[in-house]
Amino acid sequence: MLDPAADHFNQWTYMVIWIILFAVMLLFVPFYKKSQRKPSSAYLAFIIALALEMFGVPLSMYVITWLIGTTLPDGVLYGHTLQPWIGHWGMYIGTVLMLIGVALVMVGWRVIHKRFWSKEEGEGELVSDGIYGYIRHPQYTGFMLITLGMILDWATLPLLIMWPILVVVYYRLARMEERGMLAQFGSAYETYRANTGMFLPKLLRRPSTAPVAHKAEAR
């Protein structure tokens, strides 16, 4: 039985609700940093592109059918993408990834805001416990999981093009922030970085003692 994806379209109120719902995640990143503006804009563009095609107009379907001159089966680059092969499991898996992503964004924000972002320059501590004891950028991992989950549920041409770009943008931002942290915390951050993964936990970690608070090194 085909998925009635056409029922999703021309529902502009749902489109606005979807955009607002996932745009709220941007409140958990430090807007006072100019470096966050480009990744935040890329994430927001991703959300808007998905919402437009999920609840508004299936542009990807129109483009492809115009190019190849045929009618796409339900679920091919519009509708629940994996529906023809695994039913709604694409939606279920995507939802799980999105929930994990939201959790990472919020948990990461709670810790880093309390102990680093909210402090005056030079007074914040190096957070190396909790979720930060496993990955250095849980919030960026969260945003990538949220958007990947959306693709598994409802892939479109813009999303397939934008997601790799989004990953590159967050990778470059993470590298830039790590250079700043290395300059601020010196050898303490270097040791921390060697024991953790950037976006995913490291399989092999060096033995370490209980986490301690590291202040910025005197310069």
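For the structure, check the block above.
Before going into details, it helps to say that this report is about the structure given with it. Just so we're clear, the structure is a prediction, and the values are computed from it rather than from any experiment.

## Focus on the side chain of threonine 141
- The topology assignment puts threonine 141 in helix α6 (residues 138-153).
- When its relative accessible area of 7% is taken as the criterion, threonine 141 is described as buried.
- Within the structure, the side chain of threonine 141 is placed 2.8 Å from the backbone oxygen of phenylalanine 199, a separation counted as a polar contact.
- Residues in contact with threonine 141, not counting those within four places in the same chain, are Leu104, Ile135 and Phe199.

## Comments concerning the side chain of histidine 137
- Residue position: histidine 137 is located in the loop between α5 (89-117) and α6.
- Not counting chain neighbours up to four residues away, the residues in contact with histidine 137 comprise Ala174, Glu177, Glu178, Met198 and Phe199.

## A closer look at helix α2 (residues 37-56)
- In a regular helix each residue adds 1.5 Å, so 20 residues correspond to 28 Å; α2 covers 27 Å between its end C-alpha atoms and thus fits that length.
- Those residues of α2 not exposed but buried are Pro39, Ser40, Tyr43, Phe46, Ile47, Ala49, Leu50, Ala51, Glu53, Met54, Phe55 and Gly56.

## Here we look at the nonpolar core
- Grouped together as the largest cluster of nonpolar side chains are 34 residues, with contacts concentrated most on Trp18, Tyr43 and Met150.
- Breaking this core down by element, the ones donating at least two residues are α1 (12-23), α2, α5, α6 and α7 (157-185).
- By residue number, the principal contributor to this core is α2, which donates eight residues.
- In contact with methionine 150, not counting residues within four places along its chain, are Trp18, Phe22, Phe46, Ile47, Leu50, Met98 and Ala155.

About the cut-offs
- Residues numbered from 1 in each chain as written.
- Predicted model: local features only at pLDDT ≥ 70, side-chain atom pairs only at ≥ 80, totals over all residues.
- Heavy atoms only, no water.
- Helix = DSSP H or I, 4+ residues; strand = E, 2+ residues; numbered from the N terminus.
- Buried < 20%, exposed > 50% of the residue type's maximum accessible area, 1.4 Å probe, protein only.
- Polar contact = N/O pair within 3.5 Å; in protein donor to acceptor, adjacent residues only side chain to side chain.
- Contact = heavy atoms within 4.5 Å.
- Expected span 1.5 Å × (residues − 1).
- Core = buried A, V, L, I, M, F, W, Y, C linked by side-chain atoms within 4.5 Å.

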